[in-house]
Amino acid sequence: MASQSGEHLLRAAQMAEADRITIASGVPGHELMARAGSGVAAAARRMAAPGARILVICGTGNNGGDGYVAARLLQAEGRDVAVMAPLGPATTADAGRAAADWAHGRGAAVAIDADVAGYDLVIDALFGAGLNRPLDGAALDLARRLNASGRPVLAVDVPSGLNADSGQAMAASVRAAATVTFAARKPGQLLLPGRLLCGDVTCVDIGIAPETIARVAGGIFRNSPDLWQASFPAPSLEAHKYRRGHVLCGSGGPLSTGAIRLAARSALRVGAGLATVAAGLDACRAHAAHLTAIMIREAEGAGDFARLLDDARFNAVILGPAGGVGPELAARVEAAARRGRALVMDADAISSFAGAPERLAAVIAAGEGAPVVMTPHDGEFARLFGDVAGVMDVGAKYERAVAAARMTGAIVVLKGADTVIAAPDGRAAINDNAPPWLGTAGSGDVLSGLVGGLLAQGMPGFEAAAAAVWIHGAAAQAFGPGLISEDLPEQVPAVLRRLLRQGAQAGAAR
Ligand SMILES: NC(=O)C1=CN([C@@H]2O[C@H](COP(=O)(O)OP(=O)(O)OC[C@H]3O[C@@H](n4cnc5c(N)ncnc54)[C@H](O)[C@@H]3O)[C@@H](O)[C@H]2O)[C@H](O)CC1
Ligand SMILES: [K+]
């Protein structure tokens, strides 16, 4: 996985290991801290106007050490800086050295009960990656006072109280306007609510080598084109429509036909060569009034659907959008999986296996490695995996998604404003480009179509799912507020143009 390109996200333990390797290679820890503190000071200069009063709240560990370094630098250039050490003096060698350097500069210390509202900028260097239990006592009180004060906060590494791995607040967390982190972003800075609590995140290079980061990384990435551009299907003259795959889309009943049309149109928009909707006769009639490039085939039940799949040209299948929860839909899933077709399971297809993840795993295993991508939201995920130990009861969202992927053999897209894409091999990508207005009726149908369209063109499952999620967010951003799902497929061409331009530029640079 370390060879996978893309922006690595490092957990706290992996960050500490990167620190250890770097220090062992001859870069002293206080040098890392000096660079970290310098990055904090630079951010503070951007946030605080000349003459602004700055308060630096320093903890006892190395997070506090970064704060002392920043305080000394800002003070040395004439800034009005005070330091509060609510939990007592520094307890680590590097932080102690930074505190002593600050003190020699005749730094002003303030009492823990100082009124934080009197400052123009507060630098939160209380806890960082070393947070190992919920805030309590004086620390909890101070975090709450800070949030209540409305003063702009610059967090060092992570806002105090935020779990850097899971993005969850531990009892409470400081809410920062901006965060300066070091060497690599952390999963908790992209997951919610962590992303909101961090504000704008700046990642400062403090001299930890990229190969060290790749060496300690654990397969968690920020979702971006870097992650999957290499396998993204670029249009080419010899790739005629039959080479770009044919997606078979299972429809719902005659009054529930719009969802699968959104999916089928999205599959074509993202580049699939052909798309066909399979539906009962009445639903076919409804589709016929709406469809042009998308073809229609009659299939009354699971048996008819399975017979359609005898045609190997249907190399990708989308099931679930308004498909109707029940054994019929489960049987269609089984038909597609057993024939080794690339399969997208959304909505009702997932819920048709509610409480039976082992059965789904067996069905997928029968497909002998054909990619299966499931795209649950939290509710569908809980209905499928709710009773599975080691899935629902693990800490971070990406851990739940990876556990589910490992258990079922599917690529799991656990949707939300912080969608996670997870693979059975442990890779996970956290997506952070989805705007709030993407949460509109039918947007999940569009996503399932984007995934199916990319699978039809031969993208591997994890990369197809990650690319689809990113394109989905980018299309919504391109349209803006007022978006409805019918708008999404129409934004895809502009996103593809950008992607292909980036791909061409990257190729030229190689
Ligand atoms: N390569 C890098 O990223 C660098 C990071 N630096 C900074 O170092 C901190 C991590 O420092 P550490 O000493 O491990 O822990 P903290 O300072 O975050 O925590 C201090 C200390 O507090 C104790 N503690 C934990 N939770 C609680 C709690 N709820 N209540 C009370 N006390 C608590 C625990 O014992 C911790 O040790 C990292 O964030 C960066 O800011 C380096 O400066 C440079 C390289
Ligand atoms: K902090």
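Residues numbered from 1 in each chain as written. Chains lettered and ligands numbered in written order. Predicted model: local features only at pLDDT ≥ 70, side-chain atom pairs only at ≥ 80, totals over all residues. Heavy atoms only, no water.

The line we're drawing: UniProt positions are given in the numbering used here, feature names are shortened, and annotations may be inferred rather than shown by experiment.
As recorded in an unreviewed UniProt entry, the protein goes by Bifunctional NAD(P)H-hydrate repair enzyme and comes from Camelimonas lactis. Its UniProt record, at the heading Subunit (unreviewed entry), says of the protein: "Homotetramer."

**Observations regarding the sheet that holds strand β5 (residues 121-125)**
Our working definition: Strand pairing requires that DSSP identify at least two bridges connecting the strands. Secondary structure follows DSSP: runs of H or I at least 4 residues long count as helices, runs of E at least 2 residues long count as strands, and numbering of each begins at the N terminus. Simply put, an axis is a line fit to the C-alpha atoms, just over the touching stretch for a helix, and the angle between two N-to-C directions goes from 0 to 180 degrees. Residues are treated as being in contact if the distance between any of their heavy atoms lies within 4.5 Å.
In space, the 7 strands of this open sheet follow the order β4-β3-β2-β5-β6-β7-β8, with parallel pairing throughout. In the strand order of this sheet, the two ends are held by β4 (108-110) and β8 (200-204), each with one partner. Across the sheet, the mean angle from the axis of one strand to that of its neighbour is 25 degrees, orientation sign disregarded. Pairing between β5 and strand β6 (residues 153-156): 3 bridges, direction parallel. Note that in β6 the partner of Val122 across the bridge is Val153. Docked against the sheet, helix α3 (residues 62-76) engages β2 (53-58), β3 (80-84), β4, β5, β6 and β7 (178-182), running at close to 155 degrees with respect to β2.

**So, the UniProt feature "domain: YjeF C-terminal" (unreviewed entry) in the protein**
UniProt feature "domain: YjeF C-terminal" (unreviewed entry): in the numbering of this structure it lies at residues 224-499. Secondary structure across residues 224-499 comprises 45% helix and 14% strand; the distance between its end C-alpha atoms is 11 Å.

**Points about the pattern of salt bridges**
Rules: Salt bridges are counted wherever a side-chain nitrogen of Lys or Arg sits within 4 Å of a carboxyl oxygen of Asp or Glu. Note on exposure labels: buried denotes an accessible area under 20% of the residue type's maximum, exposed denotes more than 50%, and partly exposed covers the range between, all computed with a 1.4 Å probe on protein chains only.
If you walk through the whole model with that rule in mind, you get 23 salt bridges. The closest approach of N and O atoms between Glu77 and Arg45, which form a salt bridge, is 2.7 Å. Linking Glu77 in the loop between α3 and β3 with Arg45 in helix α2 (residues 29-47), this pair joins segments that are 32 residues apart in sequence. The class of Glu77 is partly exposed, set by a relative accessible area of 39%.

**What about the nonpolar core?**
Condition: Residue types Ala, Val, Leu, Ile, Met, Phe, Trp, Tyr and Cys, when buried and joined through side-chain atoms within 4.5 Å, form a set referred to as a nonpolar core.
The biggest cluster of nonpolar side chains holds 57 residues, and the ones touching the most others in it are Trp228, Phe232, Val247, Val277, Ile421, Leu454 and Ile471. Among the elements that line this core, the one with the most residues is helix α18 (residues 461-479), at 12 residues. Among all residues touching Val277, those that are not within four sequence positions of it are Cys249, Ser251, Ile260, Ala264, His287, Leu291, Ile294, Met295, Ile296 and Arg297.

**As for the domain arrangement of the protein**
How we decide: Domain start and stop positions are those given by an automatic or database domain assignment. Buried area adds together the accessible area that both of two parts lose upon being put together, with accessible area traced by a 1.4 Å probe.
For the protein, the assigned domains read domain 1 (7-219) and domain 2 (235-509). Put simply, the middle of domain 1 and the middle of domain 2, counted by C-alpha atoms, are 41 Å apart. At the interface, 11 residues of domain 1 touch 14 residues of domain 2. Together domain 1 and domain 2 conceal approximately 920 Å² of surface at their shared face, both sides included; 56% is due to carbon and sulfur atoms. Of all residues in domain 1, Leu191, Arg195 and Gly219 give up the largest surface area on contact with domain 2, accounting jointly for 47% of the area buried on that side. Where domain 1 meets domain 2, there are 1 salt bridge.

**A few points about the packing of helix α9 (residues 258-269) against helix α17 (residues 443-456)**
Put simply, the rule is: A crossing counts as left-handed when the near helix is turned anticlockwise from the far one by less than a right angle, and as right-handed when that turn is clockwise. Residues are sorted three ways: Asp, Glu, Lys and Arg are charged, Ala, Val, Leu, Ile, Met, Phe, Trp, Tyr, Cys and Pro are nonpolar, and all the rest, Gly among them, are polar.
Put simply, α9 and α17 touch, their axes get as near as 7 Å, and they point 35 degrees apart. Remark: the crossing between α9 and α17 carries right-handed chirality. In this structure, α9 contributes Ala259, Leu262, Ala263, Ser266 and Ala267 to the contact, and α17 contributes Asp445, Val446, Ser448, Gly449, Leu450 and Gly453. Per-class residue counts for the contact of α9 with α17 are 6 nonpolar, 4 polar and 1 charged.

**Some thoughts on the side chain of Asp66**
What counts, and what does not: Charged residues are defined here as Lys and Arg on the positive side and Asp and Glu on the negative side; His and the ends of the chain fall outside this count.
With respect to the helices and strands, the residue Asp66 is situated in helix α3. Look at Asp66: it is buried, it has no salt bridge, and the nearest opposite charge is Lys186 at 9.1 Å. With residues up to four places along the chain from it excluded, the contact list for Asp66 reads Met33, Ala36, Gly37, Val156 and Phe182.

**Here we look at the UniProt feature "binding site: AMP" (unreviewed entry) in the protein**
Under the feature "binding site: AMP" (unreviewed entry), the UniProt entry names Lys415, Gly416, Ala417, Asp418, Thr419 and Gly444. Separation in sequence by 30 residues is not matched in space for these annotated residues, since their most distant C-alpha atoms are only 14.2 Å apart. By relative accessible area, Gly444 is classed as buried at 17%. Setting aside residues no more than four positions away along its own chain, Gly444 makes contact with Asp346 and Lys415.

**Details of the packing of aromatic side chains**
Keep this limit in mind: Pairing of aromatic side chains requires ring centres within 6.5 Å, counting the rings of Phe and Tyr and the six-membered ring of Trp. Pairs whose planes differ by under 30 degrees are stacked, by over 60 edge-to-face, and all others tilted.
Counted by the stated rule, this structure contains 4 aromatic pairs. Ring geometry for Tyr68 against Trp102: centres 5.8 Å apart, planes inclined by 45 degrees, an arrangement best described as tilted. Here Trp102 lies in helix α4 (residues 93-104) and Tyr68 lies in helix α3, a separation of 34 residues in the sequence. For the pair formed by Tyr68 and Trp102, the shared burial category is buried. Judged by centre distance (4.8 Å) and plane angle (45 degrees), the ring pair of Phe381 and Phe385 falls under tilted. Of the two residues, Phe381 and Phe385 both sit in helix α15 (residues 378-385), 4 residues apart, roughly one turn of that helix. The exposure class assigned to Phe381 is buried, which follows from its relative accessible area of 2%. Ring pairing ties together the aromatic residues Trp228, Phe232 and Trp470, which thus form one cluster.

**A word on the coordination of the potassium ion (ligand 2)**
What counts here: Each metal site is built from N, O and S donor atoms within 2.8 Å (3.2 Å for Na, K and Ca), and since water is not included, such sites may look incomplete.
Listed as protein donors to the potassium ion (ligand 2) are Asn63 (OD1), Asp124 (O), Phe127 (O), Val156 (O) and Val158 (O); their distances from the metal cover 2.6 to 2.9 Å. All donors of the potassium ion (ligand 2) belong to a single chain; written as a sequence motif, their spacing is N-x60-D-x2-F-x28-V-x1-V. Highlighted residues: Phe127 in the loop between β5 and α5 (137-149) and Val158 in the loop between β6 and β7, separated in sequence by 31 residues. Given the relative accessible area of 22%, Phe127 is considered partly exposed.

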